[in-house]
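Residues per chain are reported as follows:
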Amino acid sequence: MIEAPAAGAVPTASLVLGNTKHRSRIRQSRGERIFGVVNVVILLLAVAITLFPFVNVVAQSLSSEKYIDFGLVSVWPRGWDVSTYGLVLKDPTFWINYRNTVVYTVVSTAVSMVLSTMFAYAVSRPELKGRKFFIGMAIVTMLYSGGIIPTYIVVNKLNLTDTIWAIALPGAISVFNVLVMKSFFENLPDELLEAAQIDGLNTYGILLRIVLPLSKAVMATMILIYAVGQWNSWFPAFLYMDHSDLYPVTVYLRNLIAGATGAQDAGASADGNLTQIGANIKSVTMVLIVIPILFVYPFIQRYFVTGIMLGSVKG
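It should be emphasised that the depicted structure is a prediction, and the values quoted were computed from it without experimental measurement. For every chain, the first residue of the written sequence is number 1, and numbering continues from 1 onward in sequence order. At least 70 in pLDDT is required for a residue's local features to be given in this predicted model, at least 80 for side-chain atom pairs to be given and counted, and no such filter applies to totals for whole chains, interfaces and linings, which use all residues. Note that the side-chain values use all heavy atoms of the structure and ignore hydrogens as well as water.

Q: Just checking my understanding: could you explain the nonpolar core for this structure?
A: Nonpolar side chains in soluble globular proteins generally cluster together in the buried interior. Of all hydrophobic cores here, the largest spans 19 residues; its most connected members are Tyr-121, Met-181, Phe-185, Ile-206, Val-211, Val-218 and Met-222. The set of elements that each furnish at least two residues to this core consists of helix H5 (92–124), helix H9 (175–186), helix H10 (190–198), helix H11 (203–211) and helix H12 (216–232). Helix and strand assignments come from DSSP, with helices taken as H or I runs of at least 4 residues and strands as E runs of at least 2, each series counted from the N terminus. Here the element with the most residues in this core is H9; it accounts for five residues. Apart from the residues lying within four places of it in its own chain, the contact partners of Val-211 are Tyr-121, Phe-185, Leu-188, Leu-193 and Ile-206. Buried Ala, Val, Leu, Ile, Met, Phe, Trp, Tyr and Cys residues that are joined via side-chain atoms within 4.5 Å together make up what is termed a nonpolar core. For every residue, the accessible area obtained with a 1.4 Å probe (protein chains only) is divided by the maximum for its type, and the residue is called buried under 20%, exposed over 50%, and partly exposed between those limits. Of all hydrophobic cores here, the second largest spans 16 residues; its members include Phe-94, Val-249, Leu-253 and Ile-281. We call two residues in contact when some of their heavy atoms are within 4.5 Å.

So, in structure tokens, the structure goes:
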């Protein structure tokens, strides 16, 4: 039998609800309210400062040339004009360079992830002989580098110029990313890895079947970092590629900004040199370049903070 509550007794749910209401009625102190307002104002200013350049570029890409020349375009387009988008999209050089950017980004990111993951997992294992030496050598490269000329000589001697490997290999491993991944791998339970080893998995089997499935957050974060870095990169291609049909789209944009006048350097369309079409040509190209990143980032963003934070627990 279910007994009825005694007279005057207060049900547990009512107590919890009453305590919740009581806590919600607790007023913030004046200092806390001021702190909250100041925080909101600072964050809004930071967002405005961060978004203004991008919004200004988008507005210029949709504005008429005369308004841009007189500096009248701020955050809203003036004299709507989208004809430049059509001119850029008709330019075959733009699409060739855009395709190159996609290929370079995919291949470079894949190479970077494979090498960084293998190195980070190896140095994360305490049983690795010379572990501290390898970590120290990696950290040294963060402080010192050979420089542009020695790197170019090495790439040239290896006959990598005018190939995708000149872009993918020299900067394949980011030591900072390796250290983040190493810290993440060190946080994985040792008992789990030992159990997998007892079950007969070798080092590669443990990495592929145990470690990587548990490391989706940090892996997605590293893919985003490597991909965005490669997508925005222009100098290695400018340095190692001798033909315009091998350039990524960022070099195409660089030539427009630099005011190149040759069809081979700046990219010419059937309507004439793109650098002489309108003042918004650079803004249009920048918007077209950044669109893929804007579409990809929201799908990876939820992993980004988690991956960075989890990989930063240990030093």
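Right, picking up where we left off after that structure.
Q: Can you walk me through helix H2 (residues 30–61) in this structure?
A: Every α-helix carries 3.6 residues per turn, so stepping three or four residues along brings you back to the same face. A helix's residues, less one, multiplied by 1.5 Å, set its expected span. Counted at 1.5 Å a residue, the expected span for H2 with its 32 residues is 46 Å, and the 46 Å between its end C-alpha atoms agrees. We define the bend at any residue as the angle between the axes fitted to the seven residues before and including it, ending there, and the seven starting there. Along its length, H2 reaches its greatest deviation from straightness, about 35 degrees, at Phe-52, and the proline Pro-53 lies no more than four positions downstream. Along H2, the positions that sit buried rather than exposed are Asn-56, Val-57, Ala-59 and Ser-61.

Q: Would you take a moment to explain the packing of aromatic side chains for this structure?
A: How two aromatic rings sit relative to each other is given by the distance of their centres and the angle of their planes. Pairing of aromatic rings covers Phe, Tyr and Trp, the last counted by its six-membered ring, and requires centre-to-centre distances within 6.5 Å; plane angles under 30 degrees mean stacked, over 60 mean edge-to-face, and any other angle means tilted. All told, the structure shown has twelve aromatic pairs when counted by the stated rule. Arranged with centres 5.9 Å apart and planes meeting at 45 degrees, the rings of Trp-95 and Tyr-98 form a pair that is tilted. Of the two residues, Trp-95 and Tyr-98 both sit in helix H5, three residues apart, roughly one turn of that helix. Through a chain of ring-to-ring contacts, the aromatic side chains of Phe-94, Trp-95, Tyr-98, Trp-231 and Tyr-252 assemble into a single cluster.

Q: Whenever I open this one, the confidence of the model for the protein confuses me. Can you help?
A: For residues with low pLDDT, the predicted coordinates do not support detailed interpretation. pLDDT measures the predictor's confidence residue by residue and takes values from 0 up to 100. The pLDDT averaged across the protein works out to 81; a share of 80% of its residues lies at or above 70. The lowest-confidence element of the protein is helix H15 (residues 263–267), averaging 42 in pLDDT; the highest-confidence one is H5, averaging 94. Confidence drops under pLDDT 50 across residues 12–17; counting only partners more than four residues distant or on other chains, this segment forms one contact. Ignoring residues within four places in sequence, the model shows residues 260–273, a span with pLDDT below 50, making 26 contacts including any to other chains.

Q: Just checking my understanding: could you explain the side chain of Ser-108 for this structure?
A: Mapped onto the elements, Ser-108 comes out in helix H5. Think of a polar contact as two N or O atoms within 3.5 Å of one another; within protein, one of them needs to be a possible hydrogen donor and the other a possible acceptor, and neighboring residues in sequence only count if both atoms come from side chains. Among the polar contacts listed, one links the side chain of Ser-108 to the backbone oxygen of Tyr-104, at a separation of 2.7 Å. Look past the residues within four positions of Ser-108 in its chain and what remains in contact with it is Ile-167, Ala-168 and Gln-230.

Q: Explain a nonpolar patch on the surface here, please?
A: Together, Val-47, Leu-51, Phe-52, Phe-54, Val-55, Val-75, Trp-76, Trp-80 and Leu-294 give the surface a local cluster of nonpolar side chains, amounting to about 900 Å² of exposed area. It is H2 that provides the largest number of residues to the nonpolar patch, a total of five residues. Along the chain, the position of Trp-80 falls in the loop between helix H3 (65–69) and helix H4 (83–90). A patch consists of residues whose relative accessible area exceeds 30% and which take part in no salt bridge; residues with like charges are grouped when within 9 Å of each other, and nonpolar side chains (Val, Leu, Ile, Met, Phe, Trp, Tyr) when within 5 Å. Surface accessibility in these figures is a Shrake-Rupley result with a 1.4 Å probe; residues are shielded only by whichever protein chains are displayed. Whenever a carboxyl oxygen of Asp or Glu lies within 4 Å of a side-chain nitrogen of Lys or Arg, that contact is scored as a salt bridge.

Q: Hey, could you run me through the packing of H5 against helix H6 (residues 131–143) in this one?
A: Each packed pair of helices is defined by two parameters, the angle between the axes and the distance between the axes. In this description, a line fitted to the C-alpha atoms serves as the axis of each element, helices being fitted only across the stretch in contact, and the angle between N-to-C directions of two axes falls anywhere from 0 to 180 degrees. Where H5 contacts H6, the two axes come as close as 9 Å, and the packing angle between them is 135 degrees. The orientation of H5 relative to H6 falls into the category oblique. Contact residues: H5 offers Phe-119, Val-123 and Ser-124, while H6 offers Arg-131, Phe-134, Ile-135 and Ala-138. Geometric relationships in this document are graded by angle, where less than 35 degrees denotes roughly parallel, more than 145 denotes roughly antiparallel, 65 to 115 denotes roughly perpendicular, and other angles denote oblique.

Q: Help me understand the pattern of salt bridges, please; the structure alone is not making it clear to me.
A: Opposite charge on two side chains makes pairing possible when the charged atoms of those side chains draw close. Inspection of the entire model under this criterion finds three salt bridges. We note a salt bridge from Glu-186 to Lys-182, for which the minimum N-O separation is 3.1 Å. Of this pair, Glu-186 and Lys-182 both sit in helix H9, four residues apart, roughly one helical turn. Because the salt bridges share partners, they merge into one network encompassing Arg-131, Lys-182 and Glu-186.

Q: What am I meant to see in unusual backbone geometry here?
A: Glycine aside, a negative phi is what most residues show, and trans is what most peptide bonds show. Positive phi, close to 60 degrees, is recorded for Asn-159, a residue that is not glycine. Tracing the chain through its elements places Asn-159 in the loop between helix H7 (148–157) and helix H8 (165–168). Phi at Asp-162 takes a positive value of approximately 65 degrees, unusual for a residue other than glycine. With respect to the element layout, Asp-162 can be found in the loop between H7 and H8.

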